[in-house]
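Now for the letters of each chain:
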Amino acid sequence: ALDPEGAANALITPAVVTSSGVGDLDQAALDRFLAGTDVTVWARIGPYHDEIVGEVATADAETLFQLLHLYFTRPRVDQQAYASELTSWEPLVMRPQSDPQYSGLDALVDLRYGGHPCFTLVPSIEQWEALDPGAVERVWRERTADVADWDFVLSGDLDGVDVEDLARSYIGSLAGSGTDGTPPDVTPAPPAGPETSELAIGSGDTGTVTISFVGPSPEFHAE
């Protein structure tokens, strides 16, 4: 599970790493290398599950496998990418009124999870000021250090691609303990009763009311 102490850094980690280049290549050099190919990679870190998602033209399948391998083994945290990500988040952190809808969703999530850092959508000002590129790199390396609990799924038009050989070369060579650990439960219990939050942000006479209910769902049985 995500460490609460590193949760704020985890919010920006995927975007920073996937825009910093890989190995000996910074992002500019990587972009030049990928010129003429059709490859896209993005990532997400959550309280329990992490994702690295890649899209690629069939002819460039091996390039995607190579990138995936490097994001696991030789990631980079570039200072320029780190600063750029902070700049993109700064208005939302410092001036929530810059995006009333997202700020409202963040407030709703904080009500449900009691402001738990692993579930908040926007870091507090204190968390923001404590963000650190070294911590960003540590979060990424901790989450990708052992592929034993990762699942790899491929779908699409793979005619003419030796997927088994590519998987053996670029995924099978990644470090793994061979054990799939069960993460501890970090999800706070729902509020004991109704909780409300009112945000006076934005401009004009437009308002939004969002209501969320938390409760057990009936057990589902597939026919």
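Predicted model only: the values in this text are computed from it and were never measured.

## A closer look at the pairing of strand β2 (residues 50-56)
- Looking at chain direction, strand β1 (residues 39-45) and β2 are connected through seven bridges and run antiparallel. Its bridge partner being in β2, R44 is matched across the sheet by E51.
- Count of turn residues in the β1/β2 antiparallel hairpin: four residues.

## A word on helix α5 (residues 100-113)
- Look at α5: 20 Å from first C-alpha to last across 14 residues, which is about the 20 Å you get at 1.5 Å a residue.
- At its buried positions, α5 is contacted by α4 (79-94).
- Where α5 ends, the next residue or the one after it, G114, has phi of about 65°, a positive value.

## Regarding the packing of helix α3 (residues 61-73) against helix α8 (residues 163-170)
- It is at 10 Å that the axes of α3 and α8 come closest, and there the two elements cross at 20°. As the angle between them shows, α3 and α8 are arranged roughly parallel. Crossing of α3 against α8: the hand is right-handed. Within the contact between the two elements, α3 uses A61, E62, F65, Q66 and H69 and α8 uses L166, A167 and Y170.
- When its residues are assigned to classes, the contact of α3 with α8 shows five nonpolar, two polar and one charged.

## So, the packing of aromatic side chains
- Summed over the entire model, instances satisfying the criterion amount to five aromatic pairs.
- Between the aromatic rings of Y113 and F119, the centroid separation amounts to 4.3 Å while the plane-to-plane angle is 10°, which identifies the pairing as stacked.
- Under the relative-accessibility criterion, Y113 is labelled partly exposed at 23%.
- Classification of F119 by relative accessible area gives buried; the value is 13%.
- In textbook terms, an aromatic cluster arises when at least three aromatic residues are bridged by ring pairs, as seen for F72, W150 and F152.

## A short note on empty space enclosed by the protein
- In the structure shown here, the tally under the stated rule is one cavity of 30 Å³ or more.
- Put simply, the largest cavity is a space of about 40 Å³.
- In this structure, the largest cavity is lined by A43, R44, I45, D50, E51, I52, W140, R143, T144 and W150.
- Elements represented by at least two residues in the lining of the largest cavity include exactly β1, β2 and α7 (133-144).
- Class assignment of the residues belonging to the lining of the largest cavity gives a composition of five nonpolar, one polar and four charged.

## Remarks on a nonpolar patch on the surface
- Where nonpolar side chains cluster on the molecular surface, the patch consists of V209, I211 and F213 and spans about 430 Å² of accessible area.
- With respect to the helices and strands, I211 occurs in the segment after α8.
- Residue I211 is classed as exposed on the basis of its relative accessible area of 61%.

## Quick notes on the pattern of salt bridges
- Scanning the model with the defined rule gives five salt bridges in all.
- The partner of R74 in a salt bridge is D24, and the shortest N-O contact between them spans 2.8 Å. Here D24 lies in the loop between α1 (7-17) and α2 (27-34) and R74 lies in the loop between α3 and α4, a separation of 50 residues in the sequence.
- For D24, a relative accessible area of 66% translates into the label exposed.
- A salt bridge links R44 to E51, with the shortest nitrogen-to-oxygen separation between them at 3.0 Å.
- Under the relative-accessibility criterion, E51 is labelled partly exposed at 33%.

## Digging into the packing of α1 against α4
- At their nearest, the axes of α1 and α4 sit 9 Å apart, and the two run at 130° to each other. Between α1 and α4, the crossing angle belongs to the class labelled oblique. Crossing hand, α1 versus α4: right-handed. When α1 is examined against α4, the residues L11, I12, A15 and V16 are found in contact with a partner set consisting of A81, Y82, E85, L86 and W89.
- The residue makeup of the contact of α1 with α4, split by class, is eight nonpolar, no polar and one charged.

Cut-offs applied
- Residues numbered from 1 in each chain as written.
- Predicted model: local features only at pLDDT ≥ 70, side-chain atom pairs only at ≥ 80, totals over all residues.
- Heavy atoms only, no water.
- Pairing = 2+ DSSP bridges.
- Helix = DSSP H or I, 4+ residues; strand = E, 2+ residues; numbered from the N terminus.
- Expected span 1.5 Å × (residues − 1).
- Contact = heavy atoms within 4.5 Å.
- Axes fitted to C-alpha atoms, helices over the stretch in contact; angles between N-to-C directions.
- Parallel < 35°, antiparallel > 145°, perpendicular 65-115°, else oblique.
- Left-handed = near helix turned anticlockwise from the far one by under 90°.
- Nonpolar A, V, L, I, M, F, W, Y, C, P; charged D, E, K, R; others polar.
- Phe/Tyr/Trp six-rings, centres within 6.5 Å; stacked < 30°, edge-to-face > 60°.
- Buried < 20%, exposed > 50% of the residue type's maximum accessible area, 1.4 Å probe, protein only.
- 1 Å grid on protein atoms, 1.4 Å probe; cavity = no way out; pocket = protein on both sides within 12 Å on 5 of 7 lines; lining within 4 Å.
- Points joined across faces, edges and corners; volume = space filled by probe spheres on them.
- Patch = residues over 30% accessible without salt bridge, like charges linked within 9 Å, V, L, I, M, F, W, Y side chains within 5 Å.
- Areas by Shrake-Rupley, 256 points an atom, 1.4 Å probe, with all protein chains shown as cover.
- Salt bridge = Lys/Arg side-chain N within 4 Å of Asp/Glu carboxyl O.

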